[in-house]
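What the coordinates show
One letter stands for each residue in the lines below.
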Amino acid sequence: MNIATVIVDVPALGTDKEFDYLVPKKWLGVIEPGMRVAVPFGPRTIQGFVTGLKIDSPFSNKLKELKEPLDLTPVLNEELLALGEWLATDTLSFKISCFQAMLPAAMKAKYEKRFRRINMEDNPFLDELFKGQTEISWKTAEEQNILQAIREEITKGNAEVIYDVKSRARKKTVKVYQTIMDNENILALFNSLPSNASNQKKILEYVLKVQSDQYTAKELSETGAPQSSIQGLVKKGVFHEKSEEVYRDPFEHKQFARTSPLPLTIEQNEAITPILSTIESEQYETFLLYGVTGSGKTEIYLQSIQKVLDKGQEAIVLVPEISLTPQMVDRFKSRFGDDVAVLHSGLSIGEKYDEWRKVQRKEAKVVVGARSAVFAPFENLGIIIIDEEHETSYKQEELPRYHARDVAIYRAKHHDCPVILGSATPSLETFARAQKKVYHQLTLSKRMNNRELPYVSIVDMREEMRDGNRSMFSRELHEKLEERLEKKEQTILFLNKRGHSSFMMCRDCGYVMQCPHCDISLTYHQYTNEMKCHYCGYNTLVPDTCPECSSNHIRYFGTGTQKVEEELYKIFPEARVVRMDVDTTGRKGAHEKLLEHFQSGNADILLGTQMIAKGLDFPNITLVGVLSADTMLHLPDFRASEKTFQLLTQVSGRAGRHELKGEVVIQTYTPEHYSVEYSGMQDYNRFYHQEMVMRKVGSYPPFYYLTLITISHEDLMKTVSTTEKITKYVQSRISDEAIILGPVASPIPRINNRYRYQCLIKYKHEPELKPTLQKVLEHYGQQFIKEGLAISIDVNPYMMM
DNA sequence: AGCACGCCGACT
DNA sequence: GTCGGCGTGCTC
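Residues numbered from 1 in each chain as written. Chains lettered and ligands numbered in written order. Predicted model: local features only at pLDDT ≥ 70, side-chain atom pairs only at ≥ 80, totals over all residues. Heavy atoms only, no water.

**Let's talk about the overall build of chain A**
Broken down by element type, chain A carries 24 helices and 34 strands. In summary, chain A has a C-alpha radius of gyration of 31 Å against a globular reference of 28 Å for 801 residues, a match within 12%. With respect to the three principal axes, the spread of C-alpha positions in chain A is 90 × 70 × 65 Å. Long-range contacts, defined here as pairs at least 24 residues apart, represent 75% of the contacts in chain A between residues at least 6 apart. Side chains of chain A carry 101 positive and 107 negative charges; the gap between the two charge centres is 2 Å. (Helix = DSSP H or I, 4+ residues; strand = E, 2+ residues; numbered from the N terminus. Rg over C-alpha atoms; globule rule 2.2 N^0.38 Å. Contact = heavy atoms within 4.5 Å. Lys, Arg positive; Asp, Glu negative; His and termini not counted. Charge placed at Lys NZ, Arg CZ, Asp CG, Glu CD.)

Structural data, given as structure tokens:
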């Protein structure tokens, strides 16, 4: 077993396979599958993942030795290695991308090049090049414009290139001092020290008092003694100095009051029983925990996890990034303390790495995190929970385009443990599977303590307009806001901005500012006074006059949170408003601060976008206002109705979760739309049935699976003809049952000066589709790169743009 | 992806 | 005649 198979860090078609390397004698028995290694690859050295060991290779005549391991223990276990392979086939991605997706970003390799002088003989030219040193970094050489000269020396054999493979983040360490001298000798030393060694005496005094096995550098220096005195005692054999890894703890200065399990309601009890029994019998099963907002789903999660921990197993909890709020984390930290590791995008690369290491070293038993936490390297998983199961953020939009739900089910089958999908508004796919008994449905139909769902009123904004109210607040919302301000109760105002942001339009000629590189209108950003393109980053200053007709009647349209805030101050000058959007939450921790500010009663109104729709649970909120319910109904997306219904229902659920009764006002221009109407009635079932009819008629999920192929190129004709060719090829290899839409222009027909065409395949069962698509990638791959074509294949897409 | 090898135009 | 442009193909 001295040959290792390695997947190398080159995400390309030709290299997406195992390469064989000899394991050097000194690493025999050390190198194991799942480890990262540095390997020579062509002329350079790169990172790779060992996937296996074997005794011979078809390349035995040209095998190279691998350079060194980059880990002491494997970072991917057997399960995760297999999962990576499966993921690569399932999502048509490169294996290396899948492996990297499973690990914290800190473990992705960073490559650096440097030059080393070999010829040490007297040579003024070489001395000059290397500035008298033996090595010079590639970067410095480049800056000083001596790359060419050095390259010549390399061909002459006077210098060589060294390729470094480095990790992005280092472990954070502190110096600790272990006591290696016994008390008696310390006392003797203390007495023998001359009187001017007062600092050393101070330390010894402290040591004799505390009597610990080891001390941190910080603790010793707090005695007032300088570093040099500590070193002196190390020399005298009192301490042994060593470095110890410490974790960067994002919650270091936070106290969590311990909570105990709460008594369950009859409904909760009925729901948790089957979950506990699958944990007990170690069986795979997927549950849909369908419970209205405020029905106590989290307590079911917590008690199920408790059961798993009692059995000595581990748990993964996935939460959408947007609702991974301090509130949510607190609930888990309070119940399970240090057993909890948290993984989300708010942490620095180093912090994420440390949380991951806690899991790897089995120091944490519960992971709470966003999408990628589904890959947590547990070996004895007892449960996987996906909260707000319907959230689209569980699908990764970059390669590998995986869905956390699919990965969770794959892992649960491997570990013989349950998956819990929790939601008040399940995705149609999930609910349909529960109806077909593929998933086991558990229902919580009542709010905790039988609290009523809030009263929802839907306001037709067209009528407001007809009656001469041109404000963005309907009369009803205005009245109710006034009422809350008087009663000192809190309000959430929700602005649905997705799919409808501020743009610039000339009122004289109707000109709308477009991005010169993409077929999309530019977005107005008030705080920088710029027009920006969200797709390519293009930006320009806001013009004073219309670039088309020079009129100065150029205005911006659309409602931003800032504009709402200004208007609020006009109508209610005394109201204290907290605004939450990308502008006010940009800085780290800002999100948390704003929420705390609101929670402590220092504000009357919380105004925000998507990010305030989920998970907030404040007792004093009695009014929720949705300013514009239907802005995303008109997006080119078959899930638009579903998303609208979910969002409205979720945001309504923020009201009246405690003693005070809640009210919701939804303002809309399309009150007759079923997703608005049924969310007002909080009636998921009727929405589900209506939406299923629409999906059936349109041949969309859950009746059909989808795969979206997008082709892009700088030349329009080339884009169209290639998409045509590929569509025909795919069509010829799959059955007539499949429906193929396209080629058609993408909803955004041009991004960054590249034209985009797509082809949508709808199918029920096409075993030949994946292999065909794989062939498309392999066959056209070389040609594509050569001709500047780009292809993207998204299996089960969530973004149709 | 990188990097080397290799085959044709503008310079000393 | 050579330097160097980037097209082509390989990496165990």
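Anyway, onward from the coordinates.
**Regarding the protein's contact with DNA strand B**
In the region of DNA strand B, the neighbouring residues are Val10, Pro11, Ala12, Pro43, Arg44, Lys113 and Tyr163. What you see for DNA strand B is that sugar and phosphate hold 65% of its atoms within 4 Å of the protein. Between arginine 44 and DNA strand B, the recorded distance is 3.2 Å, taken from a side-chain N or O atom to a base nitrogen. Lysine 113 is positioned with one of its side-chain polar atoms (N or O) 3.4 Å from a phosphate oxygen of DNA strand B. Tallied by class, the residues present in the surface near DNA strand B amount to five nonpolar, no polar and two charged. (Near = heavy atom within 4 Å. Polar contact = N/O pair within 3.5 Å; in protein donor to acceptor, adjacent residues only side chain to side chain. Nonpolar A, V, L, I, M, F, W, Y, C, P; charged D, E, K, R; others polar.)

**Structural notes on the packing of helix α23 (residues 716–733) against helix α24 (residues 769–787)**
Between α23 and α24, whose axes approach to 10 Å, the crossing angle comes to 155°. Viewed along their axes, α23 and α24 adopt a mutual orientation that is roughly antiparallel. In this structure, α23 crosses over α24, and the sense of that crossing is right-handed. Along the contact surface, α23 presents Lys718, Thr722, Lys725, Ile726, Tyr729, Val730 and Arg733, while α24 presents Leu769, Thr772, Leu773, Lys775, Val776, Tyr780, Gln783, Phe784 and Glu787. (Axes fitted to C-alpha atoms, helices over the stretch in contact; angles between N-to-C directions. Parallel < 35°, antiparallel > 145°, perpendicular 65-115°, else oblique. Left-handed = near helix turned anticlockwise from the far one by under 90°.)

**A few points about the sheet that holds strand β1 (residues 3–8)**
What the six strands build is an open sheet, ordered β5-β2-β1-β4-β3-β6; its pairing is mixed. Of all strands in the sheet, those bounded by a partner on one side alone are β5 (64–65) and β6 (68–69). With five bridges connecting them, β1 and strand β2 (residues 18–22) associate as antiparallel partners. The residue of β2 that forms the bridge with isoleucine 7 is glutamate 18. (Pairing = 2+ DSSP bridges.)

**Side note on the protein's contact with DNA strand C**
Every one of the 13 residues lining DNA strand C counts as a neighbour, but Asp20, Phe41, Phe59, Lys62 and Lys64 are closest to it. Backbone atoms, meaning sugar plus phosphate, form 53% of the atoms of DNA strand C positioned within 4 Å of the protein. Interatomic distance of 3.1 Å between a side-chain N/O atom of lysine 17 and a base nitrogen of DNA strand C. Tyrosine 21 is positioned such that a nitrogen or oxygen atom in its side chain is 3.3 Å from a phosphate oxygen of DNA strand C. At the level of secondary structure, the elements contributing two or more residues to the surface near DNA strand C comprise β2 and β3 (36–41). When the residues that make up the surface near DNA strand C are grouped by side-chain class, the tally is six nonpolar, two polar and five charged.

**Some thoughts on a negative patch on the surface**
On the surface, Asp249, Glu252, Asp338 and Asp339 cluster together to form a negatively charged patch. With respect to the helices and strands, glutamate 252 occurs in the loop between β12 (239–246) and α10 (266–281). The exposed category is assigned to glutamate 252, whose relative accessible area is 53%. (Patch = residues over 30% accessible without salt bridge, like charges linked within 9 Å, V, L, I, M, F, W, Y side chains within 5 Å. Areas by Shrake-Rupley, 256 points an atom, 1.4 Å probe, with all protein chains shown as cover. Salt bridge = Lys/Arg side-chain N within 4 Å of Asp/Glu carboxyl O. Buried < 20%, exposed > 50% of the residue type's maximum accessible area, 1.4 Å probe, protein only.)

**Some words on the pairing of strand β15 (residues 340–343)**
Judged by which residues are buried, β15 turns out to be covered on both faces: Val340 and Val342 on one side and Ala341 and Leu343 on the other are all buried. Running through helix α13 (residues 349–360), the crossover from β15 to the neighbouring parallel element strand β16 (residues 366–369) is right-handed. (Right-handed = clockwise from strand over helix to strand, strands pointing away.)

**Some remarks on the pattern of salt bridges**
Side-chain pairs of opposite charge can arise whenever the charged atoms involved come near each other. Applying the stated criterion to the full structure yields 33 salt bridges. A salt bridge links arginine 484 to glutamate 663, with the shortest nitrogen-to-oxygen separation between them at 2.5 Å. Note that arginine 484 is positioned in helix α17 (residues 475–487) and glutamate 663 in strand β30 (residues 663–668), a separation of 179 residues in sequence. Across this residue pair, the class does not change: arginine 484 and glutamate 663 are buried.

**Concerning the environment of threonine 622**
Tracing the backbone shows threonine 622 in strand β29 (residues 621–626). A C-alpha to C-alpha distance of 26 Å links threonine 622 and glutamate 389, two positions 233 residues apart in sequence.

**A short note on the packing of helix α20 (residues 640–652) against helix α22 (residues 684–697)**
Put simply, α20 and α22 touch, their axes get as near as 11 Å, and they point 170° apart. The orientation of α20 with respect to α22, classified from their angle, is roughly antiparallel. On the side of α20, the interface is formed by Ser641, Glu642 and Phe645, while α22 contributes Tyr684, Phe687, Glu691 and Arg695. Here the contact of α20 with α22 is built from residues that sort into three nonpolar, one polar and three charged.

**Section: unusual backbone geometry**
A cis geometry characterises the amide bond from leucine 399 onward to proline 400, with omega recorded as -10°. The amide bond that connects proline 701 to the next residue, proline 702, takes the cis arrangement and shows omega of 5°. Topologically, proline 702 is positioned in the loop between α22 and β31 (705–713). Positive phi is not limited to glycine here, since aspartate 416 has a value of about 50°. Tracing the backbone through its elements, the reader meets aspartate 416 in the loop between α14 (404–415) and β18 (418–423). By relative accessible area, aspartate 416 is classed as partly exposed at 40%. Of note in the backbone geometry, serine 699 takes a positive phi value of approximately 50° without being a glycine. As for its placement among the helices and strands, serine 699 is situated in the loop between α22 and β31.

**Things to note about the state of the cysteines**
Linking two cysteines covalently through their sulfur atoms gives a disulfide. Within the structure shown, the criterion is met by zero disulfides. Take cysteine 533: it sits in no disulfide, and the sulfur closest to it among the cysteines is that of cysteine 515, at 3.7 Å. (Disulfide = S-S within 2.5 Å.)

**A few points about the pairing of strand β10 (residues 172–179)**
As defined by bridge partners, β10 adjoins β12 across eight bridges and the pair is classed as antiparallel. Directly across from valine 176, in β12, lies its bridge partner lysine 242. With three bridges joining them, β10 and strand β11 (residues 214–216) adopt antiparallel strand pairing. Pairing of valine 176 across the sheet is with threonine 216, part of β11.

**Describing the sheet that holds strand β23 (residues 523–525)**
The sheet built from three strands is open, its strands ordered β23-β24-β25 with antiparallel pairing. Among the strands making up the open sheet, the edge pair consists of β23 and β25 (539–541). For this sheet, the mean inter-axis angle between neighbouring strands, taken without regard to orientation, is 30°. Pairing of β23 with strand β24 (residues 530–532), which is carried by three bridges, proceeds in the antiparallel orientation. Note on β24: the bridge partner recorded for histidine 525 is glutamate 530.

**Side note on the side chain of lysine 762**
Relative to the elements of secondary structure, lysine 762 occurs in strand β33 (residues 754–763). An unpaired buried charge is present at lysine 762: no salt bridge exists, and aspartate 637, the closest side chain of opposite charge, is 11 Å distant. Within polar-contact distance, the side chain of lysine 762 engages the backbone oxygen of glycine 698 at 2.7 Å.

**Comments concerning the nonpolar core**
In this structure, Leu76, Leu318, Val367 and Phe375 are the most contacted members of the largest nonpolar core, which totals 57 residues. Ignoring sequence-local partners within four residues, the contact set of phenylalanine 375 consists of Leu80, Leu83, Leu87, Ala101, Met102, Tyr402, Val407 and Arg411. (Core = buried A, V, L, I, M, F, W, Y, C linked by side-chain atoms within 4.5 Å.)

**Structural notes on helix α15 (residues 428–435)**
Extensive coverage of α15 is indicated by the burial of six of its eight residues. Inspection of α15 places Leu428, Glu429, Thr430, Phe431, Ala432 and Ala434 among the buried residues, and these make up the whole buried set. Tucked inside the fold, the buried residues of α15 contact β13 (285–291), α14, β18, β19 (440–444), α20 and α22. Backbone geometry just after α15 places lysine 437 at a positive phi near 65°.

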